[in-house]
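One-letter residues, chain by chain:
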Amino acid sequence: MNLFTGRQCQIKLINHVLLVSRRNPDKVINDYYRYVLELLLKNLRSINKRCIIFFDYPKFRLLAKLLPIIYIDLQIEHTLVKPGGRDSEGSLVGGVQIKNSHNNYLIRIANFSKLNQADIIFDYSRINLFNIRSTKALQDYSRKTFCISPALYSINTNPIGRNGIITLFGNVDEPRRKSFLEDLKRHRIDSKNISGIYFGIDEIYRKTKIVINIRQTDYHDTLEELRVLPALRSGAIVICESAPCVEKTWYSKYIIWGTVAQLPQLIADTEKNYDQIHLRIFGSLTTNSSFLVRMLRIERCNELASNRAIKLMNKNLTKT
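None of the values given here were measured: they were computed from a predicted structure.

Of the regular secondary structure elements, the protein chain holds ten helices and 14 strands. Taken over C-alpha atoms, the radius of gyration comes to 21 Å for the protein chain, in line with the 20 Å a tight globule of 320 residues would show. Along the first, second and third principal axes, the C-alpha set of the protein chain runs to 65 × 50 × 35 Å. Within the span of the protein chain, comprising 320 residues, buried residues form 51% of the whole. Expressed as a percentage of contacts within the protein chain between residues at least 6 apart in sequence, the contacts between residues at least 24 apart total 69%. Taken as two groups, the 48 positive and 29 negative side-chain charges of the protein chain have centres that lie 8 Å from each other.

Turning to the pattern of salt bridges, a few remarks are in order. Summed over the entire model, instances satisfying the criterion amount to 13 salt bridges. Measuring nitrogen to oxygen at the nearest pair gives 2.7 Å for the salt bridge that ties R143 to D140. With R143 and D140 both in helix α4 (residues 139–143) and three residues apart, the pair spans about one turn of that helix. With a relative accessible area of 53%, R143 lands in the exposed category. Judged by its relative accessible area of 58%, D140 falls in the exposed class.

Further remarks concern the side chain of T208. Mapped onto the fold, T208 is located in the loop between α6 (201–205) and β12 (210–213). By relative accessible area, which is 3% here, T208 ends up buried. Among the polar contacts listed, one links the side chain of T208 to the backbone oxygen of I204, at a separation of 2.7 Å. Setting aside its immediate chain neighbours within four residues, T208 contacts R162, N163, G164, I166 and A236.

The next subject is the packing of helix α1 (residues 30–43) against helix α10 (residues 290–317). Orientation of α1 relative to α10, taken along the N-to-C sense of each, is 60°, at an axis distance of 10 Å. In terms of orientation, α1 lies oblique with respect to α10. Considering only the axes of α1 and α10, their crossing is right-handed. Taking contact as the criterion, the partners of Y35, L39, L40, K42 and N43 in α1 are, on α10, E299, N302, E303, S306, N307, I310 and M313. For the contact of α1 with α10, the class distribution of residues is five nonpolar, four polar and three charged.

Residue placement: S88 occurs in the loop between β5 (80–81) and β6 (92–97). Ignoring sequence-local partners within four residues, the contact set of S88 consists of V81, K82, L106 and R108.

Turning to helix α8 (residues 263–272), its buried residues are L263, P264, I267 and T270. Burial along α8 is one-sided: seen end-on, the buried residues are contained in an arc of 130°. If you follow the buried residues of α8, they end up packed against β10 (165–167), α5 (175–186), β12, β13 (237–241), β14 (256–258) and α9 (274–282).

Our next topic: the packing of aromatic side chains. As enumerated under the stated definition, the model contains five aromatic pairs in all. Taking the centre distance of 5.6 Å and the plane angle of 35° together, the rings of F112 and Y141 count as tilted. With F112 in helix α2 (residues 112–116) and Y141 in helix α4, this residue pair connects regions lying 29 residues apart in the sequence. Overall, F112 belongs to the partly exposed group, its relative accessible area being 32%. Judged by centre distance (4.8 Å) and plane angle (85°), the rings of F282 and F291 are edge-to-face. In this pair, the class of F282 matches that of F291, namely buried. What links up through ring pairs into an aromatic cluster is the set Y254, F282 and F291. A cation sits over an aromatic face here: K248 above F130, 4.2 Å from the ring centre. A cation over an aromatic ring shows up here: R297 above the ring of W250, its NZ or CZ 5.0 Å from the ring centre.

Positive phi values are uncommon outside glycine, yet D87 reaches one of about 60°. When you line up the elements, D87 lands in the loop between β5 and β6.

Cut-offs applied
Residues numbered from 1 in each chain as written. Predicted model: local features only at pLDDT ≥ 70, side-chain atom pairs only at ≥ 80, totals over all residues. Heavy atoms only, no water. Helix = DSSP H or I, 4+ residues; strand = E, 2+ residues; numbered from the N terminus. Rg over C-alpha atoms; globule rule 2.2 N^0.38 Å. Buried < 20%, exposed > 50% of the residue type's maximum accessible area, 1.4 Å probe, protein only. Contact = heavy atoms within 4.5 Å. Lys, Arg positive; Asp, Glu negative; His and termini not counted. Charge placed at Lys NZ, Arg CZ, Asp CG, Glu CD. Salt bridge = Lys/Arg side-chain N within 4 Å of Asp/Glu carboxyl O. Polar contact = N/O pair within 3.5 Å; in protein donor to acceptor, adjacent residues only side chain to side chain. Axes fitted to C-alpha atoms, helices over the stretch in contact; angles between N-to-C directions. Parallel < 35°, antiparallel > 145°, perpendicular 65-115°, else oblique. Left-handed = near helix turned anticlockwise from the far one by under 90°. Nonpolar A, V, L, I, M, F, W, Y, C, P; charged D, E, K, R; others polar. Arc of directions from axis to C-beta. Phe/Tyr/Trp six-rings, centres within 6.5 Å; stacked < 30°, edge-to-face > 60°. Lys NZ or Arg CZ within 6 Å of the ring centre and 35° of its normal.

Geometry only, nothing functional implied.
Dropping the structure here:
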């Protein structure tokens with residue numbers, strides 16, 4: 001235990017497992033990190049051999065002389081990237097075709113060498129996994145990668161007491177998003193950009209009528225599920241720029257899609273017919289709507305993915 005003194009980590013002993021995780025995760029992914037951590041904590045008693053698990057925390061290799069070590073990492077970046085996209089040098093060409101093109105998307109895995117050293121990888125996006133699994137060259141990587149969708153926050157679809165239209169752009173001066181915000185003004189759509197809030201964002205979602213989502217660049221095309229799914233679960237109507245392979249999310253039918261040029265009119269129509277559209281998407285509060293059933297299914301799939309990861313850990317431990 002003295003090895004960890006003064007380090008920004010927390011340590012928990014669960015049956016045979018010493019779990020080391022971050023005390024203060026990166027604020028951008030704080031809620032997702034803690035969600036995945038809770039899933040792990042529910043299942044670690046199923047580990048059948050003494051070991052140390054590092055969850056997205058630098059491992060101490062010297063400890064491998066004492067106990068087997070398992071390293072778990074998170075993949076939270078876009079993988080669907082068009083040729084020429086930022087940080088895509090050296091990326092493999094995948095099997096997903098770019099719309100209106102004869103070319104395929106690249107498979108961009110940021111920090112691949114670091115991730116590939118992990119024993120288990122959790123990715124937030126089924127779209128990312130679909131892209132990764134489109135090539136045999138990444139079979140070993142994909143075998144140890146599991147999707148944990150960001151089913152963050154309790155489900156609250158109550159439409160009462162909601163106001164406003166928001167975007168969540170970290171940098172409103174980025175050319176693509178700046179142009180979009182100017183287009184909203186030209187269409188006389190009153191919206192507010194929320195930035196710099198990393199804790200309690202669910203409270204904002206629950207008070208908001210409409211959340212607008214467009215991508216930051218013309219090259220990085222994975223749907224921003226870390227933003228979209230939590231907003232949906234909080235009962236905000238999500239109007240989103242069309243993205244590839246969205247059917248892989250299992251919840252795309254609850255989102256309003258359009259091109260960037262189409263979004264202002266879609267927003268105006270949704271604001272005008274808010275009550276009817278909210279009911280169509282989320283259903284009545286008094287019934288088990290298809291939306292609620294789907295959200296509960298996604299939660300269950302996350303639990304099953306966590307269980308499969310535990311089984312792989314046990315399999316790897318039998319080899320040590």
